[in-house]
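Here are the chains, one letter per residue:
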Amino acid sequence: MAARTPAEQALARSCTTGDGGTRFEVADLSVVHHPDRTATFAYRLTVLRQGGRDERWEFTLHWDDKSFADVLTSSAPDPERLRQLVHLVRTLLEERWDTKGYNRRSAKMGRRRT
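Note that the coordinates shown come from a computational prediction; the quantities given were computed from them, not determined experimentally.

(A) Looking closely at the environment of Leu61. Tracing the sequence through the fold places Leu61 in strand E4 (residues 55–63). Exposure remark for Leu61: the relative accessible area of 2% places this residue in the buried category. Separated by 22 residues in the primary sequence, Leu61 and Ala39 have C-alpha atoms spaced 8.5 Å apart.

Here is the structure:
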């Protein structure tokens, strides 16, 4: 298995939503780099919610923003651009989580694991 880039390492870290109410514990992240410089992030995670039951999920996020291709593949990305990428992907993950109950597109990106 190839070593993870700094961006992949950062994206694979667990995180908490801005309000602190939900934590995404990342069990695994795989990143597929496509020839057109897009990428697909496949997350396996446990979602921990205050006052709720823990849920295990798989989410697939397709990343179309080619302007971050260099950050994803670099062995030494610009720290500010790396921070921006991580923030954007986590925001997208949180949005998919929050809208999965009523947004068909969001629902298709994830599936509950047993």
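Back to the text.
(B) Molecular detail of the pairing of strand E2 (residues 22–33). By the bridge criterion, two bridges tie strand E1 (residues 15–16) to E2 in an arrangement that is antiparallel. Opposite Cys15, over in E2, you have Phe24 as the bridge partner. By the bridge criterion, eleven bridges tie E2 to strand E3 (residues 39–49) in an arrangement that is antiparallel. Its bridge partner lying in E3, Asp28 is registered against Arg44. Joining the antiparallel neighbours E2 and E3 is a turn of five residues, in which Arg37 adopts a positive phi near 75 degrees.

Rules of the game
Residues numbered from 1 in each chain as written. Predicted model: local features only at pLDDT ≥ 70, side-chain atom pairs only at ≥ 80, totals over all residues. Heavy atoms only, no water. Helix = DSSP H or I, 4+ residues; strand = E, 2+ residues; numbered from the N terminus. Buried < 20%, exposed > 50% of the residue type's maximum accessible area, 1.4 Å probe, protein only. Pairing = 2+ DSSP bridges.

What is shown is where atoms sit, not what they do.
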